[in-house]
Amino acid sequence: MEFLKQLKLPDDIKNLNYDELKKLAAETRQLIIEVCAKNGGHIAPSLGVVELTLSLLKNFDPLHDRIIWDVGHQSYAYKILTDRLERFHTLRQFKGISGFNKPSESPYDAFGVGHTSTSVSAALGIRMADEIIGKKRKIVAIIGDGALTAGLAFEGLNNLGHLDKDMIVILNDNEMSISKNVGAISSYLSRAMTGEFYTHLRKDVQNILEHAPLGDKLLKMAKKFEEGLKGLFTPGILFEELGLKYIGPIDGHDLKELDKAIHNAKIQDGPTLIHVITKKGKGFKPAEENPEKFHGVSSFDIETGKPIKFKGKTFTEVFGDALLELAKQHDNIVAITAAMKPGTGLNKFAETFPERFFDVGIAEQHAVTFAAGLAISGCKPYVAIYSTFLQRAYDQIIHDVALQNLPVIFCIDRAGLVGADGPTHHGSFDISYLRTVPNIHIMLPKDEFELIEMLKLSYELDAPVAIRYPRGDIKVYDLPKIPVTLYEPEVINDSGEILIISAGHIFDEVFEAYNNLKNKFSVALLNLRFLKPLNIEKILEIAKNKKMIITVEENSVNGGVGDEILSILAENNVYPEKFIKLGIPDRFIEHGSVKELRKLIRLDAKSIEEKIISEWEKID
Ligand SMILES: Cc1ncc(C[n+]2csc(CCOP(=O)(O)OP(=O)(O)O)c2C)c(N)n1
Ligand SMILES: CC(=O)[C@@H](O)[C@H](O)COP(=O)(O)O
Ligand SMILES: [Mg+2]
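Residues numbered from 1 in each chain as written. Chains lettered and ligands numbered in written order. Predicted model: local features only at pLDDT ≥ 70, side-chain atom pairs only at ≥ 80, totals over all residues. Heavy atoms only, no water.

**Focus on the site of ligand 2**
Around ligand 2, the surrounding shell consists of H42, V71, H73, F100, H295, Y386, F389, R414, D421, H425 and R471. Within the side chain of H295, one N or O atom sits 2.9 Å away from an oxygen atom of ligand 2. One nitrogen or oxygen atom from the side chain of Y386 is found 2.6 Å from an oxygen atom belonging to ligand 2. Bound to the protein, ligand 2 loses 87% of the 360 Å² it would expose on its own. Counting contributing residues, the shell around ligand 2 receives three or more from each of domain 1 (11–294) and domain 2 (315–468). (Near = heavy atom within 4 Å. Polar contact = N/O pair within 3.5 Å; in protein donor to acceptor, adjacent residues only side chain to side chain. Areas by Shrake-Rupley, 256 points an atom, 1.4 Å probe, with all protein chains shown as cover. Domains from an automatic or database assignment.)

Written out as structure tokens, the structure is:
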């Protein structure tokens, strides 16, 4: 890291020659590998854009111009080479730097990102504001081939082409989303990767024509058509039809080529797209060989690339196995992912039932309406999407599924706090955003038994269902397995002056607090299981004689379980002396481990216990 440490970043980058830049690239890669080995993170995306980052910092002024990364998961080199070299070792740690770009973290970060496909739209907004306010600077968006599969990206490109403003879009094409990229766009782009197909074809045509009668005349004609022919084999035509000038495809690791392309783009009038071809994971063999596995990793052994801490059985794995079993019994079950097959536990399903598995690319809105089409025609689609990404498809849930009361089952993974990915990824709102939707059933499993039973139940229902469960390991409880019946909460203990109502997987914290309290206080405990439809009679029956009622959920307190219970009690004139809603507070929660974050927002067992004791003392 010697060379890296002696530079004044990012300014000195402009004065380096190509050998020095190569040296800087090597040291930057080494630092990314070392820190990701300790902290985890998006190592492969970041290793793939080190040269691109250097070229951007050489050809633009990142404080004056605006560089907008799409997702931001690939911006580790950018963070190191701007103003976060000293802080980089705190990557994704509590109170450390974020794993994505955040203007609040650095003035070099032009826009907050984390969800894909926002860069073009945001960059165009910045560009138009500059024009209105009278600023003159370069605006660059860097979008990946995966992010390009989302409709939002094309909404941005469409408007950019229409407005025809100076702006540069760099397409970072590594042929990978998290998994191998999918979709027609992806294969269209990859044609650029097989440029030799076009050259072979050209040579064959030339050979034929040279030996054909009137060959020279035909050859002249063929040359005239060559431009058109070429357009079919390089993806420039798609972007040029959208109104962008196209440069590429170029080698995204060749600093000279990058400089030339960026220079050409800078002197163009109107929008320009530079298509760079990169290798995801470049410079770290395990990541180069398995870019899917190294897209996002936990800490690993730097020598072997093997993960250091092994996870227990996760909710995601239980979901994947249970859905596979269900699909073996019912051949109308289909599974849908929006480019998150491994993350949502659908690998085995895809291998077993390839014809009943759909990876639609990063296209959550399409995934939901596609599922509605499948459902109205007799299939049972299980749509596995992270809580935070499902936010993108809220209208489709209402308009295409719930309004028609179609049997689409939303398997909402990463519900609640997710940890190191932070505020762009916490599943804080799904209970709130689904609670308002008529016809939808909301199921809140606390453990493996309930998740499996709820999945089975969802197949029997002929209606929309949402089942939410968190990132991370399944917890096991020493409790009897009370059958899961639609509508029925699990009553662990209904007698006592205090009633705790627990919603879903936060039960681990609640149950610990309950067990600490039950010897000193008379505490009742109910595990809700179903928020919609809610068994109001049962809730009222248990709540009516309680002096204090507490709801606990790993969802926003705004519009979640607590609000639902409170309104039911009020509507039925049941007024405990004290009602407490515990959950994710009305603010965005930073990144850190789930354990640290639960403590931060006082949703850990100790805080729940302390809250109950302190509030009880005020009553007694
Ligand atoms: C709306 C949304 N859906 C899904 C994701 C999860 N995700 C993060 S990066 C990624 C793949 C992005 O592929 P690409 O843009 O090609 O970038 P690369 O990782 O290849 O550099 C996905 C699906 C997300 N961040 N946002
Ligand atoms: C950048 C991005 O959005 C994904 O890579 C996400 O970080 C995956 O999250 P999990 O690690 O919880 O699967
Ligand atoms: Mg990619």
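From this point on, the discussion continues.
**Let's talk about the domain arrangement of the protein chain**
By domain assignment, the protein chain separates into domain 1 (11–294), domain 2 (315–468) and domain 3 (490–617). Its C-alpha centre places domain 1 at a distance of 32 Å from the equivalent point of domain 2. If you look at the interface, domain 1 gives 19 residues, while domain 2 gives 16 residues. Interface area for domain 1 against domain 2, summed over the two sides, is near 1400 Å², with a carbon-plus-sulfur share of 54%. (Contact = heavy atoms within 4.5 Å. Buried area = accessible area lost by both parts, 1.4 Å probe.)

**With respect to the site of ligand 1**
As a matter of local geometry, ligand 1 sits amid 22 residues, with H73, G146, M176, K280 and E364 nearest to it. For ligand 1, an oxygen atom lies 3.0 Å from a polar atom in the side chain of D145. Interatomic distance of 2.9 Å between a side-chain N/O atom of N174 and an oxygen atom of ligand 1. Surface burial for ligand 1 is 98%, taken as the share of its 580 Å² of free accessible area covered by protein chains. For the shell around ligand 1, the domains that each give at least three residues are domain 1 (11–294) and domain 2 (315–468).

**Topic: the coordination of the magnesium ion (ligand 3)**
Looking at the magnesium ion (ligand 3), the protein donor atoms are D145 (OD), N174 (OD1) and M176 (O), and they sit 2.0 to 2.2 Å from it. Written as a sequence motif, the donor residues of the magnesium ion (ligand 3) are D-x28-N-x1-M. Placement of the pair is D145 in the loop between β2 (139–144) and α7 (151–163) and M176 in the loop between β3 (167–173) and α8 (184–193), with a sequence separation of 31 residues. When sorted by exposure, D145 lands in the same class as M176, which is buried. (Donors = N, O, S within 2.8 Å, 3.2 Å for Na, K, Ca; no water. Helix = DSSP H or I, 4+ residues; strand = E, 2+ residues; numbered from the N terminus. Buried < 20%, exposed > 50% of the residue type's maximum accessible area, 1.4 Å probe, protein only.)

**Some details on the sheet that holds strand β13 (residues 498–503)**
Here we have five strands laid out as an open sheet, ordered β12-β14-β13-β16-β17, and mixed in their pairing. Strand pairing shows two members of the sheet lacking a second neighbour, β12 (490–493) and β17 (578–584), which therefore form its edges. On average, each strand axis in the sheet is tilted by 20 degrees relative to the strand beside it, whichever way the strands run. Taken together, the five bridges between β13 and strand β14 (residues 523–527) define a ladder with parallel strand orientation. Looking across to β14, one finds that I500 is bridged to L525. In the packing of helix α21 (residues 507–517) onto the sheet, contacts are made with β12, β13, β14 and β16 (548–556), and the angle to β14 comes to roughly 160 degrees. (Pairing = 2+ DSSP bridges. Axes fitted to C-alpha atoms, helices over the stretch in contact; angles between N-to-C directions.)

**Overview of the environment of G427**
On the secondary structure map, G427 appears in the loop between β9 (409–413) and α19 (430–435). For G427 and S387, which are 40 residues apart along the polypeptide, the C-alpha to C-alpha distance reads 4.8 Å.

**Topic: helix α14 (residues 315–329)**
Between its first and last C-alpha, α14 extends 21 Å over 15 residues, near the 21 Å set by a 1.5 Å rise per residue. Listing the buried residues of α14 in full gives F315, T316, V318, F319, G320, A322, L323, L324, L326 and A327. Its buried side turned inward, α14 meets β6 (333–337), α15 (347–352), β8 (380–386), β9 and α20 (448–460). (Expected span 1.5 Å × (residues − 1).)

**Looking at the packing of aromatic side chains**
Counted under the stated rule, the structure contains 16 aromatic pairs. Both rings, one in F284 and one in F294, keep their centres 5.9 Å apart while their planes meet at 75 degrees; by these two values the pair is edge-to-face. On the criterion of sequence distance, the pair formed by F284 in the loop between β5 (271–277) and α13 (285–289) and F294 in the loop between α13 and α14 is long-range, its members being ten residues apart. A relative accessible area of 7% places F284 in the buried class. An aromatic cluster of three or more residues is present, and its members are Y477, F507, F511 and Y514. Positioned above the aromatic ring of F3, the side-chain terminus of K23 is 4.7 Å from the ring centre. Positioned above the aromatic ring of F507, the side-chain terminus of K446 is 5.4 Å from the ring centre. (Phe/Tyr/Trp six-rings, centres within 6.5 Å; stacked < 30°, edge-to-face > 60°. Lys NZ or Arg CZ within 6 Å of the ring centre and 35° of its normal.)

**Thoughts on the nonpolar core**
Ranked by size, the top nonpolar core spans 55 residues in total, and within it I32, I43, L56, L81 and I274 carry the most contacts. Sort the elements by how many residues they give to this core and helix α2 (residues 18–39) lands first, with nine residues. The residues touching I43, leaving out its near neighbours within four places in the chain, are I32, I33, C36, Y76, F284, F294, H295, V297 and F300. Core analysis: the second largest hydrophobic core is formed by 53 residues, I178, V408, I442 and A503 among them. (Core = buried A, V, L, I, M, F, W, Y, C linked by side-chain atoms within 4.5 Å.)

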